[in-house]
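Okay, here's what each chain looks like letter by letter:
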Amino acid sequence: MMRGLVVLCVAVLLGLLPGRAFAQSFDCAKAQTVVDKAICADAAVAREDADMARLYAAAGTSAWGKGRSNQVAAQREWIADRNTCGHLDGKDATPLGGCLLLAYQQRNRDLAVALLFTDRALALQVLRRVDPEGAGLYEAIALYVDRGRGWDRAVTGLITPYWKRLQSGESASYGRDIVAYTMRGPQDVIRSDEDFGAFAYIVSAYFGGVGGTVGAPFPCGALVRRPGLLSAVMPRFGSTLDSFAFYTDCGSTQPPQPRFDAFLDSLTQVDPDCEEGTIRFAMYKSAALDPTSAGLGLPLPQGQFKGRPQSIKPTLVSAAIAELADQYWRYAGLNRAEADKRARGWIARLLRAKQTCGE
């Protein structure tokens, strides 16, 4: 696993050599595992592997534009997942080559989304290839956030095909009805962060993604720059459609937050009815975005939850406060006192929020 991570940078260097269309992230002459040999034997997979090396090498900076991202942990998890493809090449299973190709395309999509605000040319080049259906929406998100010259016309042009598809799609009637409450045309989508985020979330549930897979990442870099776009990751359907829509990629693109993650994990364990993974998306029925907002250091919402704080080890609480306060100071532009106050406020809010997983 570590060998694969170390040699990623080698692929970037090799890819710049004349006469090489792409280079593997490892030496094919030394390939030993079934997965490595399959990568080297399949030109399409080999290309994705080379692109992944470029993307991963460029994704080391966090969504804040400074500090390191959490992509090392994400990459290790992905490699472990990818390597299971070698166990799926049996009767009635996805062929190994197809499994690997899809795994690489998904990872390259995720890495490209993470680069939308640091290397847009590379990001869009990859997105147009591995996720052509979603690429226009991602470009619209980037232009909407940046607000450069003529951004409104450009964004309206990019989202119009999605608008038309939402209006005509037989399976999109639910999303169409939700949008109709506040928007009458593409020009209404860009009038506020709330409207743009809501529209992006709804249409994301209907485009196929990579290989028709469930869900797609919304760039944390957009949330850092325009916090109002949290509406783009807010559950709206109240059904399984929410599983197909945008989710934030802050977990891999923000700086590592191991102490805050340990705190959140401890909160999950308080309620045995909460299934693994719900902590990031729907841990609280009335405040589903609180963990993400706390991780980003956004201002606390008006009003606090009432009730008795959940019982968590004091050491976990103090460690989470210290970690968040330090990151708010380093990345969110708060002074030490403001950072500490905000971190304490978020942890207190999270401790008092009633978990309703499964209710």
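The shown structure was predicted, so the numbers you read here are calculated from the model rather than taken from an experiment.

Caption draft 1: Focus on the side chain of Asn-108. Examined against the element boundaries, Asn-108 turns out to sit in helix H6 (residues 96-114). Within the structure, the side chain of Asn-108 is placed 3.5 Å from the backbone nitrogen of Met-52, a separation counted as a polar contact. Setting aside its immediate chain neighbours within four residues, Asn-108 contacts Glu-48, Asp-51, Met-52, Leu-55 and Val-126.

Caption draft 2: Representation of the packing of helix H8 (residues 132-146) against helix H9 (residues 151-168) within the structure. Where H8 contacts H9, the two axes come as close as 9 Å, and the packing angle between them is 150°. Crossing of H8 over H9 shows left-handed handedness. Mapping the contact onto sequence places Glu-133, Gly-134, Ala-135, Gly-136, Leu-137, Glu-139, Ala-140, Leu-143 and Tyr-144 in H8 and Trp-151, Ala-154, Val-155, Leu-158, Ile-159, Tyr-162 and Arg-165 in H9.

Caption draft 3: Quick look at the state of the cysteines. Considering all chains together, one arrives at three disulfides under this definition. For Cys-28, the disulfide goes to Cys-40, at an S-S distance of 2.0 Å. Where Cys-28 bonds to Cys-40 through sulfur, the torsion about that S-S bond is close to -90°, and the disulfide is left-handed. Of the two residues, Cys-28 sits in the loop between helix H2 (8-15) and helix H3 (34-41) while Cys-40 sits in helix H3, which places them 12 residues apart along the sequence. Given the relative accessible area of 32%, Cys-28 is considered partly exposed. Overall, the relative accessible area of 28% leaves Cys-40 in the partly exposed class.

Caption draft 4: Quick peek at the environment of Ser-231. Turning to its location among the elements, Ser-231 is positioned in the loop between helix H13 (220-225) and strand S2 (246-248). For the pair Ser-231 and Asp-195, spaced 36 residues apart in sequence, the C-alpha to C-alpha distance is 7.9 Å. If near-sequence neighbours (up to four positions away) are discounted, Ser-231 is found in contact with Asp-193, Glu-194, Gly-197, Ala-198, Tyr-201 and Arg-236. Looking at Ser-231, its side chain comes within polar contact range of the main-chain oxygen of Glu-194, at 3.3 Å.

Caption draft 5: Representation of the packing of aromatic side chains. According to the stated counting rule, one finds 11 aromatic pairs in the structure shown. Seen from their ring centres, Tyr-206 and Phe-237 are 6.1 Å apart, and the 85° between their planes marks the pair as edge-to-face. With a gap of 31 residues between them, Tyr-206 in the loop between helix H12 (193-204) and strand S1 (216-218) and Phe-237 in the loop between H13 and S2 connect regions that are remote in the sequence. Judged by relative accessible area, Phe-237 falls into the buried class, the value being 3%. Aromatic ring contacts, followed pair by pair, group Tyr-138, Phe-207, Phe-218 and Phe-246 into a single cluster.

Caption draft 6: Structural detail: helix H4 (residues 43-58). In this model H4 runs 23 Å from its N-terminal to its C-terminal C-alpha over 16 residues, within 8% of the 22 Å that 1.5 Å per residue would give. For H4, the complete set of buried residues consists of Val-45, Ala-46, Glu-48, Asp-49, Ala-50, Asp-51, Met-52, Ala-53, Leu-55 and Tyr-56.

Caption draft 7: Fine view of the nonpolar core. If you look at the biggest cluster of nonpolar residues, it comprises 82 residues, and the most contacted ones within it are Leu-116, Phe-196, Phe-199, Phe-218 and Phe-246. When residues are assigned to domains, this core turns out to be shared by domain 1 (34-256) and domain 2 (257-299 + 307-358), each giving three or more. Excluding its chain neighbours within four sequence positions, the residues that come into contact with Phe-246 are Leu-137, Tyr-138, Ile-141, Ala-200, Tyr-201, Ser-204, Phe-207, Ala-216, Pro-217, Phe-218, Ala-232 and Val-233. Counting 19 residues, the second-largest nonpolar core is a separate cluster that includes Ile-312, Leu-324, Leu-334 and Leu-351.

Caption draft 8: Local environment of the pattern of salt bridges. For the structure on display, the rule yields 18 salt bridges. The partner of Glu-48 in a salt bridge is Arg-129, with the nearest N and O atoms 2.3 Å apart. Placement of Glu-48 in helix H4 and of Arg-129 in helix H7 (residues 120-130) is noted, with a sequence separation of 81 residues between them. Owing to a relative accessible area of 29%, Arg-129 belongs among the partly exposed residues under this scheme. Residue Asp-340 pairs with Arg-344 through a salt bridge whose shortest N-O separation is 2.9 Å. Taken together, the positions of Asp-340 and Arg-344, both in helix H18 (residues 336-352) and four residues apart, correspond to about one turn of that helix. Asp-340 gets classed as partly exposed once you look at its relative accessible area, which sits at 28%. Overlapping salt bridges, with partners in common, bring together Arg-47, Glu-48, Asp-51, Arg-54 and Arg-129 in one network.

Caption draft 9: Main features of unusual backbone geometry. The backbone phi angle of Arg-147 is positive, close to 55°, even though this residue is not glycine. Note that Arg-147 resides in the loop between H8 and H9.

Caption draft 10: Layout of the side chain of Asn-70. Secondary-structure assignment places Asn-70 in the loop between H4 and helix H5 (71-82). Look at Asn-70 and you get buried, because its relative accessible area is 18%.

Caption draft 11: Expanded view of H8. For H8, spanning 15 residues, the distance from its first C-alpha to its last is 22 Å, which sits close to the expected 21 Å at 1.5 Å a residue. For H8, the complete set of buried residues consists of Gly-134, Ala-135, Gly-136, Leu-137, Tyr-138, Glu-139, Ala-140, Ile-141, Ala-142, Tyr-144 and Val-145. Count one or two residues on from H8 and you reach Arg-147, which has phi positive near 55°.

What counts and what doesn't
- The residue numbering used here restarts from 1 in each chain and proceeds along that chain's sequence as written.
- Residues qualify for local features only when their pLDDT is at least 70, as the model is predicted, and side-chain atom pairs are given and counted only at 80 or more; totals for whole chains, interfaces and linings, by contrast, use all residues.
- Side-chain metrics rest on all non-hydrogen atoms present in the structure, leaving aside hydrogens and water.
- Helix numbers and strand numbers start at the N terminus; a helix is a DSSP run of H or I with at least 4 residues, a strand a run of E with at least 2.
- Polar contacts here mean pairs of N or O atoms no more than 3.5 Å apart (in protein, one a potential hydrogen donor and the other a potential acceptor; neighbouring residues in sequence count only if both atoms are side-chain atoms).
- Contacts between residues were defined by any pair of non-hydrogen atoms, one from each residue, lying within 4.5 Å.
- Axis lines are fitted to C-alpha atoms, over the contacting stretch for helices. Their N-to-C directions set the angle, which ranges from 0 to 180 degrees.
- By definition, any crossing whose near helix is turned counterclockwise from its far helix by less than a right angle is left-handed, and any crossing with a clockwise turn is right-handed.
- In plain terms, two cysteine sulfur atoms within 2.5 Å form what is called a disulfide here.
- To sort residues, take the accessible area from a 1.4 Å probe on protein chains only and compare it with the maximum for the residue type: under 20% means buried, over 50% means exposed, and anything in between is partly exposed.
- Classification of ring pairs uses Phe, Tyr and Trp, with its six-membered ring standing for Trp, and accepts pairs whose centres are within 6.5 Å; under 30 degrees between planes counts as stacked, over 60 as edge-to-face, and the remaining range as tilted.
- How far a helix is expected to stretch is found by multiplying one less than its residue total by 1.5 Å.
- Buried residues of nine kinds, namely Ala, Val, Leu, Ile, Met, Phe, Trp, Tyr and Cys, make up a nonpolar core once their side-chain atoms join them within 4.5 Å.
- Residue ranges for the domains originate in an automatic or database domain assignment.
- We count a salt bridge whenever a side-chain nitrogen from Lys or Arg sits within 4 Å of a carboxyl oxygen from Asp or Glu.

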